[in-house]
Amino acid sequence: MDSSFYLIQLLNGIQYGFLLFLVASGLTLIFGIMGIINLAHGSFYMIGAYLGFWFTGLTGNLFTGILLALPVSLGVGYLVERFAISQLYARDHLYQVLLTYGLILIANETQRILWGSDVHSVPIPQTLAGSFQLTGNQAYPVYRLFISISCIVIALGMYWVIQKTRLGMTIRAGASNREMVQILGINVDRLFAVVFSMGVTLAALAGMLSAPVNTVYPGIGDNILIISFVVVVIGGIGSIKGAFIGAMLIGLADTFGKVLLPEMASMVVYALMAAVLIWRPQGLFGRA
Amino acid sequence: MKKTPGPIMLFLLLCIGLLAIFPLVGDDFYTELITKIMILSIFTISLDLLIGFTGLISFGHAAFFGIGAYFLAIFFQDAEQINYWWALTLTLSGTALASLIVGWICIRTSGIYFIMLTLAFAQMFFYFFFESPHFGGDDGIFISSKPDLSIAAEELVDLGNEHHFYYFVLTWMVAVYLFLSMVLRAPFGYILVAIKANEQRVRALGYSTQYYKLVSFVIAGTIAGLAGFLEAAHTSFVTPAYLSWHESGIAIMMVVLGGMGTLFGAVIGTFAVVFLQDLLPAITDHWQIIMGGIVIAIVLFLPNGIAGALYSLHALLNKKGLAKADADD
C-alpha cells in the first residue's frame, strides 16, 4: 500500500464523485425549481445505462451509442414530465413519493421485458482501452480518466448555461423564488419541462458513461438513487454548488470507506449524511 | 381522531368476525397468508400514526420492523426455549430505544429533509445487518425455536401451531388498533392531529411540538418493532431485506391506498396490496407493471384511499336518507 495506491483511490473517488454529480445536479434542480421529490431519478440512470448498452451493441461503438441514446433519454424525460410529473405540482410530498415509486416499478419491469435479467457488459472503445502505468504494479485505466474529463466538460457547460444564458437566469430565479418568476410572465410549464428533461438526460448520461466500468444489470438505478439523495441532502436542496461538494464528499467517503473500513463501508456515507444534518439541518448550502 | 360512523364501525366488526372464523373454514395456505398480512397490518397501522395523524412522512419505518425482528433473532437464535415475556420485553425496549435515538435526531428537520433523514437511518441499519459478519450478513438468521407463551408454567397458546398463531396475531392486531384509537382520542392525539394541520399554530399555543412528535415517533417505532418480533417468531427467520427501503415504500403505499388517518384504512390497504401481490403474478409474469400502474392510479384518482371512499359513500347514503326523510314530512 504505497502512495500510488492511495493516488488511484483518490482518482477513483473523484471519478465516482463526478458521476454522482451528474445524477444529483438534475435531482437537486428538479426539487429546487419544481418542488418535486423524484424517486424515479435512479430509473433514468438505469434507462441511460441500458440505452447506452443497446445502441453501442447496434452501432458497435460507445460514442455513436451515446449520441443516439441521448435524444431518446431527452424524449423519455419530456413524456414522463408531461404525463405523470405535471400532475404533482400542487400535491403533497407524500403523493410525489408514491407516484414516482410507481414509476420505478414500471421502469424496472419494462427493463426486464426489454433486456432480461442478465448482467451485460459494454466494451470500452479501442481508443480509450489502455491504462497509465503509475509505478511498477499500479496502473490507472484511461477510460476512467475519460469519464472524469467528460464530467468536467459537462459541469463547465452547465455552469455556463446556468450563469450566462437567459435560460440559466430563469432557472436560477425559479430556484430562489418560483412564484415571482411566474408573476413576471415566464412560461413556467415550459421551464419545468426543460428542467426535468435536462435532469433526466444528465442522469441517463451518467448511466451511459459508467456502463463500461460498472456493467449493466437490473436494479442498477436503485443504489444510485439513494446515494444521489444523500448527495443532494448533504449539499442542500436546490443548490448546484452543494450538489458538487456533496458528490465529491460522498465519492471520496465511499471509496476510502471501502478501502479502510471494508466491514462497514456502506454505512459510512449514511453516517456522514446524518452527521451533516445534525450539524446543519438544511444541508451545507441549503437555505433554511 | 373523529368518531368512526356507526355503519363503518359495523362493517369493521363484520370484517373482524370474518377473520375470526376464517381458519375454521379456509385452507391452510390462506390462513398462513392472512397471519402474515395481519402482522404487516400492525406495522402499517403504526406508520399511519406518523403519516396520517402526526404528518411525519417516514421513509425508513421498515428499519424498526427489522430491528424488532433482529432483536428476537440475535438474542435467541440458538435458545432451546424462548421465554415469550422476556423476549417481548427485550424487543420492545430495544426498538423503543432505537426509535428514540433516531427520532430525536430526525424530528429536528422537516419536509423532504425528514423524509431523507429517516431513509438514511434505515439504510444505515440495513447495511449494518447486511454487511456485519456477526449477525448473519445477507444470509439472515434462523431461529431454532418458537417463543413459549406460558404463565406460571401453564402454556397459554402453542405458537408452533399455525391456527394458534393466527388467533394470537389477530388479538395483537385488534389490541394495537384499540390502543392507538385510545391514544388518538385522548388530548395527546388531538395535539398530534393539530401538529399535522398547522405546527406553527400549535407551537404558538404553547405546546412543545418537538416533544409530541418524538413521542409519536417512539410509539410508532415500538409498534413496528412488535410487528417485526411477530414476523420473526412466525417465520423463524430474519433477513436484512426486512429493512430495505422498498419495504418502507410499500408500507407507505399500503397506508395511502387504504386511506390515511383512519388506522383501519392501513389494515384494508395491507390486505389489498398483499392480495394483489399474491394474485397478479398468476395473471402475468410482468405484474410489477400493473402494480406500478395501480400506485399511480391511487395518487391520481383515489388520494383518500379506500377508507376515504367508504366515508364518501357513507356521507352520500346519509344525504339520500335525509332527503327521503324530508320528502316524507
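The structure presented is a predicted model; accordingly, all values stated were derived computationally and were not measured.

1. Focus: the sheet that holds strand E1 (residues 82-83) of chain B
Residues and elements named next belong to chain B. Judged by pairing direction, the sheet is mixed, and its three strands sit side by side in the order E1-E3-E4 without closing on themselves. The open sheet is flanked by E1 and strand E4 (154-157), the only strands paired with a single partner. Pairing between E1 and strand E3 (residues 147-151): two bridges, direction parallel. Within E3, the position partnered with Ile82 by the bridge is Pro147.

2. What to know about helix H7 (residues 187-197) of chain B
All names here are of chain B. Buried within H7 we find Phe188, Gly189, Ile191, Leu192 and Ile195. Buried residues along H7 cover an arc of 160° about the axis, so they all sit on one side. Away from its buried face, by an angle of more than 90 degrees, H7 presents the exposed residues Pro187 and Ala197.

3. Some words on the nonpolar core
In a soluble, globular protein the nonpolar side chains are often hidden away together inside. With 208 residues, the main nonpolar core has Ile33(A), Met34(A), Tyr270(A), Met273(A), Met38(B), Leu72(B) and Met116(B) as its most contacted residues. Setting aside residues no more than four positions away along its own chain, Leu72(B) makes contact with Gln77(B), Ile82(B), Ala87(B), Thr91(B), Ile143(B), Phe229(B), Ala232(B) and Ala233(B).

4. Concerning the packing of aromatic side chains
Inspection of every chain in the model, using the stated rule, returns 37 aromatic pairs over all chains. A centroid spacing of 5.9 Å and a plane angle of 15° characterise the contact between Tyr270(A) and Tyr127(B), whose relative ring orientation is stacked. Residue Tyr270(A) is found in helix H11 (residues 265-279), and its partner Tyr127(B) is found in helix H5 (residues 112-131); the two belong to separate chains. Each member of the pair, Tyr270(A) together with Tyr127(B), is buried.

5. Some words on the packing of helix H1 (residues 3-34) of chain A against helix H6 (residues 166-176) of chain A
Residue and element names in this part refer to chain A. Axis separation between H1 and H6 bottoms out at 7 Å; the angle between their running directions is 65°. The segment H1 lies against H6, with Leu29, Gly32 and Ile33 engaging Ile171, Gly174 and Ala175. Residue classes in the contact of H1 with H6 are distributed as four nonpolar, two polar and no charged.

6. With respect to the pairing of E3(B)
Residues and elements named next belong to chain B. The buried fraction of E3 amounts to four of the five residues, a majority that puts the element mostly inside the structure. Note: E3 against E4, three bridges, orientation antiparallel. Looking at the pairing, Ile151 lines up with Glu154 of E4.

7. Some words on H1(A)
All names here are of chain A. Counted at 1.5 Å a residue, the expected span for H1 with its 32 residues is 46 Å, and the 45 Å between its end C-alpha atoms agrees. Maximal helix bending in H1 amounts to about 25°, located at Val23. The first or second residue beyond H1 is Gly35, which carries a positive phi of 70°.

8. Considering the confidence of the model for chain B
On average, residues of chain B carry a pLDDT of 89, and 96% of them reach 70 or more. Across the whole predicted complex the pTM is 0.88, and at the interface the ipTM reaches 0.83.

9. Brief notes about unusual backbone geometry
All names here are of chain A. We note that Thr215 has phi near 60°; this positive angle belongs to a residue other than glycine. Structurally, Thr215 is set in the loop between helix H8 (188-214) and helix H9 (220-235). Thr215 gets classed as partly exposed once you look at its relative accessible area, which sits at 25%.

10. Let's talk about the interface of chain B and chain A
The partner chain A presents 46 residues to the 41 residues of chain B that form the contact. Overall, the association of chain B and chain A removes approximately 4,000 Å² of surface from exposure, summing both partners, and the carbon and sulfur fraction of that is 77%. Considering only the side of chain B, the residues that lose the most area to chain A are Tyr113(B), Trp245(B) and Val299(B), jointly responsible for 17% of the buried surface there. Where chain B packs against chain A, one counts zero salt bridges.

11. Some points on the side chain of Thr56(A)
Residues and elements named next belong to chain A. Residue position: Thr56 is located in helix H2 (residues 41-59). For Thr56, a relative accessible area of 5% gives the class buried. The contact partners of Thr56, leaving out residues within four places of it in the chain, are Asn61, Leu62, Gly65 and Val122.

12. Overview of a nonpolar patch on the surface
Residues and elements named next belong to chain B. Together, Leu14, Leu18, Ile21, Leu24 and Val25 make up an exposed nonpolar region whose accessible area comes to about 550 Å². Locating Val25 in the fold gives a position in helix H1 (residues 6-25). Overall, Val25 belongs to the exposed group, its relative accessible area being 69%.

Cut-off values and rules
- Residues numbered from 1 in each chain as written.
- Chains lettered and ligands numbered in written order.
- Predicted model: local features only at pLDDT ≥ 70, side-chain atom pairs only at ≥ 80, totals over all residues.
- Heavy atoms only, no water.
- Pairing = 2+ DSSP bridges.
- Helix = DSSP H or I, 4+ residues; strand = E, 2+ residues; numbered from the N terminus.
- Buried < 20%, exposed > 50% of the residue type's maximum accessible area, 1.4 Å probe, protein only.
- Arc of directions from axis to C-beta.
- Core = buried A, V, L, I, M, F, W, Y, C linked by side-chain atoms within 4.5 Å.
- Contact = heavy atoms within 4.5 Å.
- Phe/Tyr/Trp six-rings, centres within 6.5 Å; stacked < 30°, edge-to-face > 60°.
- Axes fitted to C-alpha atoms, helices over the stretch in contact; angles between N-to-C directions.
- Nonpolar A, V, L, I, M, F, W, Y, C, P; charged D, E, K, R; others polar.
- Expected span 1.5 Å × (residues − 1).
- Bend = angle between axes of the 7 residues up to and from the residue.
- pLDDT = per-residue confidence, 0-100.
- Buried area = accessible area lost by both parts, 1.4 Å probe.
- Salt bridge = Lys/Arg side-chain N within 4 Å of Asp/Glu carboxyl O.
- Patch = residues over 30% accessible without salt bridge, like charges linked within 9 Å, V, L, I, M, F, W, Y side chains within 5 Å.
- Areas by Shrake-Rupley, 256 points an atom, 1.4 Å probe, with all protein chains shown as cover.

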